[in-house]
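# Examination of the molecular architecture
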Amino acid sequence: MPLQHVEIAALNEVEKAIIRQAGFTVHYPKGHVIFAAGDPADRVYLVESGWVKIYRLNADGRRVTVGSIRSPGELMGLAEALWGGERTCFAGAISNVSLVVLRKNKFEELMGAHPFLAIKVAKLLGVRMREAEQIIHEMVCWQAPGRLALTLLKMGERCGVETKNGIKLGVQLTHEELANMVGTSRQTVTTLLNTFKQEKSIVYEGRTISIVNPDKLARWIM
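Residues numbered from 1 in each chain as written. Predicted model: local features only at pLDDT ≥ 70, side-chain atom pairs only at ≥ 80, totals over all residues. Heavy atoms only, no water.

### Concerning the overall build of the chain
A count of helical and extended segments in the chain gives eight helices and twelve strands. Relative to a compact globule of 222 residues, whose C-alpha radius of gyration would be 17 Å, the chain shows 18 Å and is just as compact. Across its three principal directions, the C-alpha atoms of the chain cover 55 × 40 × 30 Å. Taking all 222 residues of the chain together, the buried fraction comes to 47%. (Helix = DSSP H or I, 4+ residues; strand = E, 2+ residues; numbered from the N terminus. Rg over C-alpha atoms; globule rule 2.2 N^0.38 Å. Buried < 20%, exposed > 50% of the residue type's maximum accessible area, 1.4 Å probe, protein only.)

This is the structure:
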């Protein structure tokens, strides 16, 4: 099955400049919880640098990643802030991050003053809804090897860096974090990564993964 890539409706430089002027910048270290379930959904965030994962906690307290990793140039916390009420998810920094923070009322004023920004937000929410539907399909229909292979390929597209040894993933994740993203156990992820490595689809040292043969890796997607 070919890789189905969903293009993220990232903000352009004009849109980012508007948000920067209306907000304030904060910096958080890796591992910091930016917002938590139950917090008031009264802010919108622009990721300036670093990566953030969106997750929930299951009944056993295990983190389950929902949605994609938020990358530089992306907005996060949108849907809940526009809807109002409380957060239902957590946002955690998986690297050192810099964010522009915007109060909900100020963000709504900006969309009213700049209709093109409101259109971009609507497109972004549409893209994320389709992405969520695709993730549900993958969880229901695909086995763990295909889900992990697709996750690695998506990360290569979104945060990969071309090197002489292949596409190096710009974000370093533990096997437990990868397991939370694909809905399986840490042991299964470790076994699958070793399998991918043995067939020379990927290479990895510690938490650094490089995709050396994307076509071979994509054969697992079924």
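### Some words on the sheet that holds strand 2 (residues 33-35)
Read across the open sheet, the four strands follow the order 2-7-4-5; overall the sheet is antiparallel. One side of each edge strand has no neighbouring strand; the edge strands of this open sheet are strand 2 and strand 5 (63-65). Strand-to-strand twist across the sheet, computed as the mean angle between neighbouring axes with direction ignored, equals 45°. (Pairing = 2+ DSSP bridges. Axes fitted to C-alpha atoms, helices over the stretch in contact; angles between N-to-C directions.)

### Focus on the domain arrangement of the chain
As far as domains go, the chain holds domain 1 (2-139) and domain 2 (143-219). If you average the C-alpha positions of domain 1 and of domain 2, the two centres end up 24 Å apart. In this assembly, 19 residues from domain 1 lie in contact with 21 residues from domain 2. Inspection of the domain 1/domain 2 interface yields two salt bridges. Ionic pairing is found between Lys53 and Glu177, a salt bridge with its closest N-O pair at 3.3 Å. (Domains from an automatic or database assignment. Contact = heavy atoms within 4.5 Å. Salt bridge = Lys/Arg side-chain N within 4 Å of Asp/Glu carboxyl O.)

### What to know about the side chain of Glu80
Tracing the backbone through its elements, the reader meets Glu80 in helix 2 (residues 78-83). A residue is classified by how much of its surface remains accessible, and Glu80, at 14% relative accessible area, is buried. Once residues within four sequence positions are removed from consideration, Glu80 is found in contact with Ala41, Glu86, Arg87, Thr88 and Cys89.

### Things to note about the packing of aromatic side chains
Inspection of the entire model under this criterion finds three aromatic pairs. Over the ring of Phe35 we find Arg87, and its NZ or CZ is 4.2 Å from the ring centre. The aromatic ring of Tyr204 is capped on one face by Lys197, whose charged end is 4.8 Å from the ring centroid. (Phe/Tyr/Trp six-rings, centres within 6.5 Å; stacked < 30°, edge-to-face > 60°. Lys NZ or Arg CZ within 6 Å of the ring centre and 35° of its normal.)

### Side note on the sheet that holds strand 10 (residues 166-169)
Pairing between the strands of a sheet is mediated by backbone hydrogen bonds and can be parallel or antiparallel. Pairing is antiparallel in the open sheet, where four strands are placed in the order 9-10-12-11. Sheet topology places strand 9 (160-163) and strand 11 (202-205) at the edges, where each strand pairs with a single neighbour. Averaged over all adjacent pairs, the angle separating strand axes in this sheet is 25°, with direction ignored. Taken together, the two bridges between strand 10 and strand 12 (residues 208-211) define a ladder with antiparallel strand orientation. Across the sheet, residue Ile167 finds its bridge partner in strand 12, namely Ile211.

### Re the pairing of strand 10
Taken residue by residue, a regular strand's side chains alternate between the two faces of the sheet. Inspection of the sheet shows strand 9 paired to strand 10 by four bridges, in the antiparallel sense. Looking at the pairing, Gly160 lines up with Leu169 of strand 10. The antiparallel hairpin formed by strand 9 and strand 10 contains two residues in its connecting segment.

### Re the side chain of Glu15
With respect to the element layout, Glu15 can be found in helix 1 (residues 13-22). Here Glu15 falls in the buried class, since its relative accessible area comes to 4%. Those residues in contact with Glu15 that sit more than four places away from it in its chain are Ala10, Phe116, Leu117 and Lys120.

### With respect to the environment of Leu125
Position of Leu125 among the secondary structure elements: in helix 4 (residues 115-141). Given the relative accessible area of 29%, Leu125 is considered partly exposed. Residues within four places of Leu125 in sequence aside, it is in contact with Leu78, Ala79 and Leu82.

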